[in-house]
Amino acid sequence: MAFSDDPTKKLLNKLNEIDYTASETRYIEPKDIRVGRDPLNAMPRMEIANEQCSVCVSFIRAFPFSEPERYIVVMDGDDKEIGILESLSGIDDKSYEIIKEELDRRYFTPRVFAIYVNRKEGDVWRLEVSTDRGNRVYYVEHWHDKSHEISSGRWLIEATDGTRLEIPNINSLDKRSRSLIEQTL
């Protein structure tokens, strides 16, 4: 095999051709942005001081459970990354309120405070719970795949409709609720 046919050499040449600077992470200073709502469609728009204005922006948590108010990825209307807000502190009140509304809508996660029923019905489990959004019924299948302890005593459960439920602290549930949920976790 000639040296120019060496697959490792070809790969190294390809890697050297990639412009890594184009994909560097850009951190946005919170004090430099203003977020408002577009009057035509109520979607968020963001201005970066002396730079650009983007419409239909979206905000995504890089670490939704461990750092919910840090490392917020800002995407434009074409789903291209504008940059990352390392923290929400330092943002003006109106911008902060809009970002929080958007994040809350994206990461809607009812918090479970009591469990009334957890029983198997066919291939799924019927889960009747009290949440911060009221009493609800969810169905869960494959508990071991759809439930995760994200920190000590804090559980996240994904229902069949895609809703994510959070048990903030399983040890703070009443005895009956704990007994019902522990049969499946």
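Residues numbered from 1 in each chain as written. Predicted model: local features only at pLDDT ≥ 70, side-chain atom pairs only at ≥ 80, totals over all residues. Heavy atoms only, no water.

S.K.: Describe the packing of aromatic side chains, listing the residues and the values that go with them.
M.R.: Throughout the structure, instances matching the rule amount to one aromatic pair. Note on F63 and Y71: the rings are 5.8 Å apart at their centroids and 90° apart in plane angle, and the pair reads as edge-to-face. The exposure class of F63 is partly exposed, given its relative accessible area of 43%. Of the residues examined, Y71 reaches a relative accessible area of 21% and is grouped as partly exposed. (Phe/Tyr/Trp six-rings, centres within 6.5 Å; stacked < 30°, edge-to-face > 60°. Buried < 20%, exposed > 50% of the residue type's maximum accessible area, 1.4 Å probe, protein only.)

S.K.: Before we move on, could you go through the side chain of T109 and cite the residues and values that matter?
M.R.: In this structure, T109 sits in the loop between α2 (93-106) and β8 (112-121). On the basis of relative accessibility, which here comes to 15%, the residue T109 falls in the buried class. Within the local environment of T109, its side chain forms a polar contact with the backbone oxygen of Y107, the two atoms lying 2.8 Å apart. Ignoring anything within four residues of it in the chain, the contact list for T109 reads L156, R164, L165 and E166. (Helix = DSSP H or I, 4+ residues; strand = E, 2+ residues; numbered from the N terminus. Polar contact = N/O pair within 3.5 Å; in protein donor to acceptor, adjacent residues only side chain to side chain. Contact = heavy atoms within 4.5 Å.)

S.K.: Please give an account of unusual backbone geometry that cites residues and values.
M.R.: The phi angle at D79 is positive, at roughly 60°, despite the residue not being glycine. Mapped onto the secondary structure, D79 falls in the loop between β6 (70-75) and β7 (81-87). For H142, which is not glycine, the phi torsion reads 55° and is therefore positive. Mapped onto the fold, H142 is located in the loop between β10 (134-140) and α3 (143-146).

S.K.: Please give an account of the pairing of strand β13 (residues 164-167) that cites residues and values.
M.R.: Note: strand β12 (residues 154-158) against β13, four bridges, orientation antiparallel. Bridge pairing links I157 to L165 in β13. Hairpin connection from β12 to β13: five residues lie between these consecutive antiparallel strands, with G162 at a positive phi of about 95°. (Pairing = 2+ DSSP bridges.)

S.K.: Before we move on, could you go through the sheet that holds β13 and cite the residues and values that matter?
M.R.: What the three strands build is an open sheet, ordered β11-β12-β13; its pairing is antiparallel. The strands lining the two open edges of the sheet, one partner per strand, are β11 (147-151) and β13. For this sheet, the mean angle separating the axes of adjacent strands, direction not counted, is 25°. Bridge analysis of β11 against β12 gives four bridges, and the strand direction is antiparallel. Across the sheet, residue S147 finds its bridge partner in β12, namely I157. (Axes fitted to C-alpha atoms, helices over the stretch in contact; angles between N-to-C directions.)

S.K.: I'd like a description of the environment of F63, backed by residues and values.
M.R.: Along the chain, F63 falls in the loop between β5 (58-61) and β6. Taking the C-alpha atoms as reference points, F63 and V73, 10 residues apart in sequence, are found 10.0 Å from one another. Non-local contacts of F63, meaning those with residues more than four positions away in its chain, are made with P68 and Y71.

S.K.: Got a sec to walk through the pattern of salt bridges? Specific residues and values, please.
M.R.: Applying the stated rule across the entire model yields 15 salt bridges. The salt bridge involving R37 is made with E102; its shortest N-O contact spans 2.7 Å. Of the two residues, R37 sits in strand β2 (residues 33-37) while E102 sits in helix α2, which places them 65 residues apart along the sequence. When its relative accessible area of 29% is taken as the criterion, R37 is described as partly exposed. On the basis of relative accessibility, which here comes to 10%, the residue E102 falls in the buried class. Note that K100 and E69 form a salt bridge whose closest N and O atoms lie 3.3 Å from each other. Here the residue K100 occupies a position in helix α2, and E69 occupies one in the loop between β5 and β6, the gap between them amounting to 31 residues. Each of the salt bridges in this network shares a partner with another, and the network as a whole consists of R37, E101, E102 and R105. (Salt bridge = Lys/Arg side-chain N within 4 Å of Asp/Glu carboxyl O.)

Read these as geometric descriptors, not functional statements.
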